[in-house]
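Residues per chain, in single letters:
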Amino acid sequence: MTSASAADAHALLDAHDPILLTTHTSPDGDAIGSELGLARYLRQRGKRVTILNDDDLPDHLAFLPGAEEVEVFAEASVEQKKALAEAELAVALDTNAAERLGALAEPIQQGGAEVLLIDHHTEPEGWFDHAFQRDTAAATAELLCEVIEAGAPELIDADVATPLYTGLMTDTGSFRYSSVTPRVHRTTATLLQRGGISPAPIHSALYDNRSLASLRLLGRALDRIRLRYDGFVGYTTVTPAVLEAAGAGPEDKHGLVGHVLSVAGVGAALLFTETQGGTKVSFRSEGDTHVDGWARSFGGGGHRNASGAYLEEFSLAEALDDVLAAAPQHIGVEPEEARGALTGEDAADLAAAMKAQGAG
Ligand SMILES: [Mn+2]
């Protein structure tokens, strides 16, 4: 893997055609925004571009210009096989691990295209041919702004700027995480100016459009927030029964863990989601409290302040127990005095959840 600058990345994009873009499973605003912004830019440079993902576009991003061009990978599609076979360059955006590419990992790794990584996660895998990556970047969209700046920034129009702005905004919690620097604001300002766009309609499309079910789920999850380690670690839990009671789906958990982090004194927040095959854990933290190592020790990974792990075949109770007990090794909190697996409150909560599941 050779390390590439923004200018190197631009030169690679310039030298190849057609180009395939892909991103991680459960794509977020930065993943989709990066794909759409880059695709629009490349097409203006005369490139043939295909966007192919393992997962569907989430509904809340359907307002983005070009969203209809995002294709979901289907083994049986002749057109997609052709696009994969013909691509000279495949660009992996916003993830640095094969596993996160889902079903696309194999055709991209086995295919003839050179692979360029553009990403801001920690600890990239080594199999990419070229990598333009910086784990202190606030978003992959920020890196793409630098790539475009090294090429033809005059091509930034509303359809390039809107998705890239969305990537920057969503990955920074609306410009409030510790990853936000003067440089991020300057990059964002350039984007707004060149694209002739204003932030308000984008914020409104993303945040004033919540389903009632997702708010009801939020209410239930807020009710279940628990604190540990003298209030420094906060967590909440979502079970299938809780989802059902709220009339919500897994996508309605979006942003939930951020509310746990907003509790005064909490420096690390976790969301445990019980699923059929195991328990999913989302980790969020503030400032110098880094949670990526904590997530990695359970087979996951991500960013210093936002990571995730999937604990296969762990029940919710087992995941709570093991993950919370590991906090002192990863975020420097003092070990708690010997205690049972669950607090009385949690035990009662779990019992109630089991009962509700049984009844459902
Ligand atoms: Mn990102």
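Cut-offs used in this document
- Once a new chain begins, its residue numbering starts again from 1 and follows that chain's sequence as written.
- Residue-level local features of this predicted model are given only where pLDDT is at least 70; pairs of side-chain atoms are given and counted only at 80 or more, and the full residue set underlies all totals for whole chains, interfaces and linings.
- Elements are defined by DSSP. Helices are runs of H or I of four residues or more, strands are runs of E of two residues or more, and each kind is numbered from the N terminus.
- The reference for a compact globule is 2.2 Å times residues^0.38; the radius of gyration itself is calculated from the C-alpha atoms.
- For every residue, the other C-beta atoms within 10 Å of its own C-beta are counted; 20 or more classify it as buried, 12 or fewer as exposed, and values in between as partly exposed. C-beta atoms are placed from the backbone.
- Each residue is represented by a C-beta atom placed from its backbone, and any two residues with such atoms within 7 Å are regarded as in contact.
- Here the expected length of a helix is defined as 1.5 Å per residue gap, with one fewer gap than residues.
- Comment: arc refers to directions from the helix axis out to C-beta atoms.
- For two strands to count as paired, DSSP must find a minimum of two bridges between them.
- Here the axes come from fitting lines to C-alpha atoms, over the contacting stretch only for helices, and the angles between their N-to-C directions go from 0 to 180 degrees.
- Angles are sorted into four bins: roughly parallel if under 35 degrees, roughly antiparallel if over 145, roughly perpendicular if 65 to 115, and oblique for all others.
- The residue classification treats Ala, Val, Leu, Ile, Met, Phe, Trp, Tyr, Cys and Pro as nonpolar and Asp, Glu, Lys and Arg as charged. All others, Gly included, are polar.

Visitor: Mind showing me how you'd approach the overall build of the protein here?
Guide: Secondary structure summary: the protein contains 15 helices and 13 strands in total. A compact globule built from 360 residues should have a C-alpha radius of gyration of about 21 Å, and the protein, at 21 Å, falls within 12% of that. Overall size of the protein, expressed as C-alpha extent along the three principal axes, is 65 × 45 × 40 Å. With 360 residues in all, the protein has 44% of them scored as buried. Within the protein, contacts between residues at least 6 apart in sequence are counted, and of these 68% link residues at least 24 apart.

Visitor: Any chance you could explain helix α7 (residues 182–195) here in plain terms?
Guide: In this model, α7 (14 residues) spans 20 Å end to end at C-alpha, consistent with the 20 Å of a helix rising 1.5 Å per residue. Among the residues of α7, those classed as buried are Val184, Thr187, Thr188 and Leu191. Along the long axis of α7, the arc covered by the buried residues comes to 95 degrees, so they all point the same way. Those residues of α7 that are exposed and aimed more than 90 degrees away from the buried face are Pro182, Arg186, Ala189 and Gln193. Each element contacted by the buried residues of α7 is listed here: α5 (140–149) and α6 (158–171). Backbone geometry just downstream of α7 places Gly196 in the positive-phi region, at approximately 60 degrees.

Visitor: Can you walk me through the sheet that holds strand β2 (residues 19–23) in this structure?
Guide: Backbone hydrogen bonds are what pair the strands of a sheet, in a parallel or an antiparallel way. Across the sheet, seven strands lie side by side as β1-β7-β6-β5-β2-β3-β4; this open sheet has parallel pairing. Looking along the sheet, the strands with just one partner apiece sit at the ends: β1 (2–3) and β4 (70–72). Examined bridge by bridge, strand β3 (residues 49–53) and β4 share three bridges and lie parallel to one another. Within the sheet, the bridge partner assigned to Leu52 lies in β4 and is Glu71. Strands β2, β5 (89–93), β6 (114–119) and β7 (130–133) of the sheet are contacted by helix α1 (residues 6–15), whose axis makes an angle of about 135 degrees with β7. Strands in contact with helix α2 (residues 29–44) are β2, β3, β4 and β5; relative to β2, the strand with the most contacts, it is inclined by about 165 degrees.

Visitor: Looking at this structure, I do not really get the environment of Leu42. What am I missing?
Guide: Along the chain, Leu42 falls in helix α2. Each C-alpha atom, one on Leu42 and one on Trp127, is 24 Å from the other, the two residues being 85 residues apart in sequence. With near-sequence residues (within four places) excluded, Leu42 lies in contact with Leu13, Ile19, Lys47 and Val49.

Visitor: Please clarify how the sheet that holds strand β12 (residues 301–302) should be interpreted in this entry.
Guide: In spatial order, the strands read β8-β9-β10-β11-β13-β12; together these six strands make up an open sheet with mixed pairing. Two strands in the sheet have a free side with no partner beyond their single neighbour: β8 (226–228) and β12. Sheet strands touched by helix α13 (residues 316–325): β8, β9 (233–238), β10 (268–275), β11 (278–285) and β13 (306–312). Its angle to β10, the strand with the most contacts, is close to 155 degrees.

Visitor: Can you help me understand the packing of α5 against α6 in this one?
Guide: Contact pair α5 / α6: the axes reach a minimum separation of 7 Å and the direction vectors enclose 140 degrees. As judged from the angle between their axes, α5 and α6 are oblique. Counting all contacts with α5, which are made through Thr140, Ala141, Glu142, Leu144 and Cys145, the residues of α6 involved are Leu164, Gly167 and Leu168. Tallied by class, the residues present in the contact of α5 with α6 amount to five nonpolar, two polar and one charged.

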